[in-house]
Amino acid sequence: MNNQIEPMPEEVKALEGFLLYIKFKNGEERIYDMNEMLKFDYYKNLRDKEIFKTVKTSGVTLIWKTGEDIAPEKIYFDSIPVNEYKFKIEMMK
């Protein structure tokens with residue numbers, strides 16, 4: 001069992017390619033790829049870019065206007081530090 005406590009997100013931005021830029025309260029900046037999650041019916045609304053862009057922080061997690069959220073440990077432990085992300089990062093249009 002993992003007893004680590006993940007940092008809280010303080011800022012999130014939707015990026016092209018259904019990526020999320022997340023800045024955590026500990027100063028870390030990470031990229032989370034939502035593409036695998038979008039395969040699940042629970043996240044089907046987020047396949048619409050306009051809805052995907054409504055992401056915001058809420059306590060320890062992220063939420064969207066249509067009610068979806070994501071596990072806090074997932075957005076931290078399954079994300080990649082910005083400086084290690086090897087692809088172009090663009091804001092979602």
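Bear in mind the structure is a predicted one, so any value in this text is a computation, not a measurement.

What to know about the overall build of the chain
A tally of helices and strands in the chain yields 2 helices and 7 strands. Along its sequence from the N terminus, the chain presents helices and strands in the succession β-β-β-α-β-β-β-α-β. For the chain, whose C-alpha radius of gyration is 13 Å, the value lies close to the compact-globule estimate of 12 Å for 93 residues. Considering only residue pairs separated by 6 or more positions, the chain has 51% of its internal contacts joining residues 24 or more positions apart. As displayed, the chain has an accessible area near 5800 Å², and 51% of this comes from carbon and sulfur atoms.

Notes on the packing of aromatic side chains
Across all of its chains, the model carries 5 aromatic pairs by this definition. Summarising the aromatic geometry, the rings of Tyr-76 and Phe-77 are spaced 5.1 Å apart at their centres and angled 85 degrees between planes, so their arrangement reads as edge-to-face. What makes Tyr-76 buried here is its relative accessible area of 13%. Put simply, the rings of Phe-18, Phe-52 and Trp-64 pair up and form one aromatic cluster.

What about the environment of Lys-49?
Looking at the secondary structure, you find Lys-49 in helix α1 (residues 49–52). Among the residues examined, Lys-49 registers a relative accessible area of 34% and is labelled partly exposed. Not counting chain neighbours up to four residues away, the residues in contact with Lys-49 comprise Glu-16, Phe-18, Met-92 and Lys-93.

Considering the sheet that holds strand β6 (residues 69–70)
Pairing is antiparallel in the open sheet, where 3 strands are placed in the order β4-β5-β6. The sheet is open, and its two edges are formed by β4 (56–58) and β6, each paired on a single side. As paired elements, β4 and strand β5 (residues 61–63) share 3 bridges and run antiparallel to each other. Along β5, the bridge assignment pairs Lys-56 with Ile-63.

Some points on the pattern of salt bridges
A full pass over the atoms with the stated rule returns 7 salt bridges. For the salt bridge of Glu-36 with Lys-39, the shortest nitrogen-to-oxygen distance reads 2.9 Å. As far as burial versus exposure is concerned, Glu-36 and Lys-39 are alike and both exposed. The partner of Lys-53 in a salt bridge is Glu-50, with the nearest N and O atoms 3.1 Å apart.

Notes on the sheet that holds strand β3 (residues 29–33)
Taken in spatial order, the 4 strands of this open sheet run β1-β2-β3-β7, and their pairing is antiparallel. One side of each edge strand has no neighbouring strand; the edge strands of this open sheet are β1 (9–15) and β7 (80–81).

Each value, and the rule that gives it
Residues numbered from 1 in each chain as written. Predicted model: local features only at pLDDT ≥ 70, side-chain atom pairs only at ≥ 80, totals over all residues. Heavy atoms only, no water. Helix = DSSP H or I, 4+ residues; strand = E, 2+ residues; numbered from the N terminus. Rg over C-alpha atoms; globule rule 2.2 N^0.38 Å. Contact = heavy atoms within 4.5 Å. Areas by Shrake-Rupley, 256 points an atom, 1.4 Å probe, with all protein chains shown as cover. Phe/Tyr/Trp six-rings, centres within 6.5 Å; stacked < 30°, edge-to-face > 60°. Buried < 20%, exposed > 50% of the residue type's maximum accessible area, 1.4 Å probe, protein only. Pairing = 2+ DSSP bridges. Salt bridge = Lys/Arg side-chain N within 4 Å of Asp/Glu carboxyl O.

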